[in-house]
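In case you want the letters, here they are:
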Amino acid sequence: GAVVSQHPSWVICKSGTSVKIECRSLDFQATTMFWYRQFPKQSLMLMATSNEGSKATYEQGVEKDKFLINHASLTLSTLTVTSAHPEDSSFYICSARASTGNTEAFFGQGTRLTVV
Amino acid sequence: DQQVKQNSPSLSVQEGRISILNCDYTNSMFDYFLWYKKYPAEGPTFLISISSIKDKNEDGRFTVFLNKSAKHLSLHIVPSQPGDSAVYFCAASAGRTGANNLFFGTGTRLTVIP
């Protein structure tokens with residue numbers, strides 16, 4: 001199946017700093033990428049949808065100035081958590097789809113962010 | 001508001017027996033459903049999907065059944081193997097309407113006992 005690589009797999013940062021997470025589709029062009037976060041024992045919650053070359057669409061309650069998403073190419077999307085705080089500690093997962101419509105999304109391996 | 005629900009947080013099954021994982025949804029616009037398997041600290045891995053024009057889709061040991069009138073789907077794994085032990089997420093999307101993001105259930109942790 002298609003491969004989506006997410007980096008880093010885990011990161012610890014100090015409160016107030018920014019962290020960038022990369023999501024790459026390795027063997028296909030991802031016109032759409034999605035960013036999710038998952039709190040312990042909870043479902044994956046969609047944060048935003050990004051289409052290559054355009055601004056990301058954020059879900060209600062997600063601060064776009066805090067979670068900066070850039071989808072500059074068909075194989076790379078980045079999520080930057082700005083001025084991170086301990087409550088931002090979570091498991092962040094990206095997924096990518098090759099085209100719109102009913103195709104399955106392929107997920108990265110996730111990034112465990114811990115803000116201390 | 002949870003549009004996709006998995007009411008059983010955990011399930012234990014003996015090796016060789018059938019595992020049945022259930023999922024309910026509330027949004028009648030959903031027309032594509034997927035099951036993902038997830039190990040700790042890893043991203044979900046796609047297992048099997050079904051379009052709303054079908055009521056059954058089979059892939060090896062995995063079969064997904066869709067009951068649109070009841071807004072219910074289930075994943076059957078038979079025979080269950082210890083390697084199937086993981087968290088299983090049900091997901092749904094309203095692809096035909098153009099809203100192609102996935103809505104996930106809260107997951108069911110399957111434990112297959114050797």
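Anything mentioned here points back to the structure above.
An account of the accompanying structure is given in this report. (Residues numbered from 1 in each chain as written. Chains lettered and ligands numbered in written order. Predicted model: local features only at pLDDT ≥ 70, side-chain atom pairs only at ≥ 80, totals over all residues. Heavy atoms only, no water.)

### Details of the overall build of chain B
Now for step 1: A count of helices and strands for chain B gives zero helices and 11 strands.
Now for step 2: The order of helices and strands in chain B, counted from the N terminus, is β-β-β-β-β-β-β-β-β-β-β.
Now for step 3: Since a compact globule built from 114 residues should have a radius of gyration of about 13 Å, the 13 Å found for chain B is in line with a globular shape.
Now for step 4: For chain B, the proportion of its 114 residues judged to be buried stands at 48%.
Now for step 5: Taking the average location of the 11 positive side-chain charges in chain B and that of its 9 negative ones, the two points are 2 Å from each other. (Helix = DSSP H or I, 4+ residues; strand = E, 2+ residues; numbered from the N terminus. Rg over C-alpha atoms; globule rule 2.2 N^0.38 Å. Buried < 20%, exposed > 50% of the residue type's maximum accessible area, 1.4 Å probe, protein only. Lys, Arg positive; Asp, Glu negative; His and termini not counted. Charge placed at Lys NZ, Arg CZ, Asp CG, Glu CD.)

### Concerning the pattern of salt bridges
Now for step 1: A complete count under the given rule lists three salt bridges over all chains for this structure.
Now for step 2: Close ionic contact of Arg-24 of chain A with Glu-22 of chain A constitutes a salt bridge, the shortest N to O distance being 3.5 Å.
Now for step 3: Residue classification places Arg-24 of chain A among the partly exposed residues on the basis of a relative accessible area of 35%.
Now for step 4: Classification of Glu-22 of chain A as partly exposed rests on a relative accessible area of 24%.
Now for step 5: Across the pair Arg-61 of chain B and Asp-84 of chain B runs a salt bridge whose closest N-O atoms are separated by 2.8 Å. (Salt bridge = Lys/Arg side-chain N within 4 Å of Asp/Glu carboxyl O.)

### Examining the state of the cysteines
Now for step 1: Summed over the entire model, instances satisfying the criterion amount to two disulfides over all chains.
Now for step 2: Between Cys-23 of chain A and Cys-94 of chain A runs a disulfide, and the two sulfur atoms are separated by 2.0 Å. Judged by the sign of its S-S torsion, about 80°, the bond between Cys-23 of chain A and Cys-94 of chain A is right-handed. One end of the pair, Cys-23 of chain A, is in strand E3 (residues 19–25); the other, Cys-94 of chain A, is in strand E9 (residues 90–97), with 71 residues separating them in the sequence. The exposure classification of Cys-23 of chain A matches that of Cys-94 of chain A, with both residues buried.
Now for step 3: Here Cys-23 of chain B engages in a disulfide with Cys-90 of chain B; their sulfurs sit 2.0 Å apart. (Disulfide = S-S within 2.5 Å.)

### What to know about the sheet that holds E3 of chain A
Residues and elements named next belong to chain A.
Now for step 1: Read across the open sheet, the four strands follow the order E1-E3-E8-E7; overall the sheet is antiparallel. Unpaired on one side and paired on the other, strand E1 (4–7) and strand E7 (67–73) mark the two borders of the sheet. In this sheet, adjacent strand axes meet at a mean angle of 15° when their direction is disregarded.
Now for step 2: Sheet analysis places E1 next to E3, joined by four bridges and oriented antiparallel. Across the sheet, residue His-7 finds its bridge partner in E3, namely Glu-22. (Pairing = 2+ DSSP bridges. Axes fitted to C-alpha atoms, helices over the stretch in contact; angles between N-to-C directions.)

### Observations regarding the nonpolar core
Now for step 1: Membership of the largest hydrophobic core comes to 24 residues, with the highest contact counts inside it found for Phe-33, Trp-35, Leu-73, Leu-75 and Tyr-88 of chain B.
Now for step 2: At the level of secondary structure, the elements contributing two or more residues to this core comprise strand E3 (19–25), strand E4 (32–38), strand E5 (45–51), strand E7 (62–67), strand E8 (72–77), strand E9 (86–94) and strand E11 (108–113) of chain B.
Now for step 3: In terms of residue count, E9 of chain B provides more of this core than any other element does, five residues in total.
Now for step 4: Met-33, Ala-48, Val-81 and Ala-84 of chain A belong to the second largest nonpolar core, which has 23 residues in total. (Core = buried A, V, L, I, M, F, W, Y, C linked by side-chain atoms within 4.5 Å.)

### Some thoughts on the interface of chain B and chain A
Now for step 1: Of the residues lining the interface, 20 residues belong to chain B; the matching set on chain A comes to 22 residues.
Now for step 2: Buried area between chain B and chain A, both sides added, is near 1,600 Å², and the carbon and sulfur share of it is 57%.
Now for step 3: Joining chain B to chain A, the criterion identifies zero salt bridges.
Now for step 4: Secondary-structure elements contributing two or more residues to the side of chain B that touches chain A are E4, E9 and strand E10 (99–104) of chain B.
Now for step 5: Partitioning the side of chain B that touches chain A into residue classes produces nine nonpolar, eight polar and three charged. (Contact = heavy atoms within 4.5 Å. Buried area = accessible area lost by both parts, 1.4 Å probe. Nonpolar A, V, L, I, M, F, W, Y, C, P; charged D, E, K, R; others polar.)

### Side note on the environment of Tyr-36 of chain B
Now for step 1: Summarising the element assignment, Tyr-36 of chain B is placed in strand E4.
Now for step 2: The sequence separation of Tyr-36 of chain B and Phe-89 of chain B amounts to 53 residues, and the corresponding C-alpha distance is 5.0 Å.

### Description of the packing of aromatic side chains
Now for step 1: Scanning all chains against the criterion turns up 12 aromatic pairs over all chains.
Now for step 2: Here the aromatic rings of Tyr-25 of chain B and Phe-33 of chain B are separated by 4.7 Å at their centres, their planes lie at 40°, and the arrangement is tilted. Residue Tyr-25 of chain B shares its accessibility class with Phe-33 of chain B, and that shared class is buried.
Now for step 3: Members of the aromatic cluster, each reached through a chain of ring pairs, are Tyr-36 and Phe-107 of chain A together with Tyr-36, Phe-46, Phe-89 and Phe-104 of chain B. (Phe/Tyr/Trp six-rings, centres within 6.5 Å; stacked < 30°, edge-to-face > 60°.)

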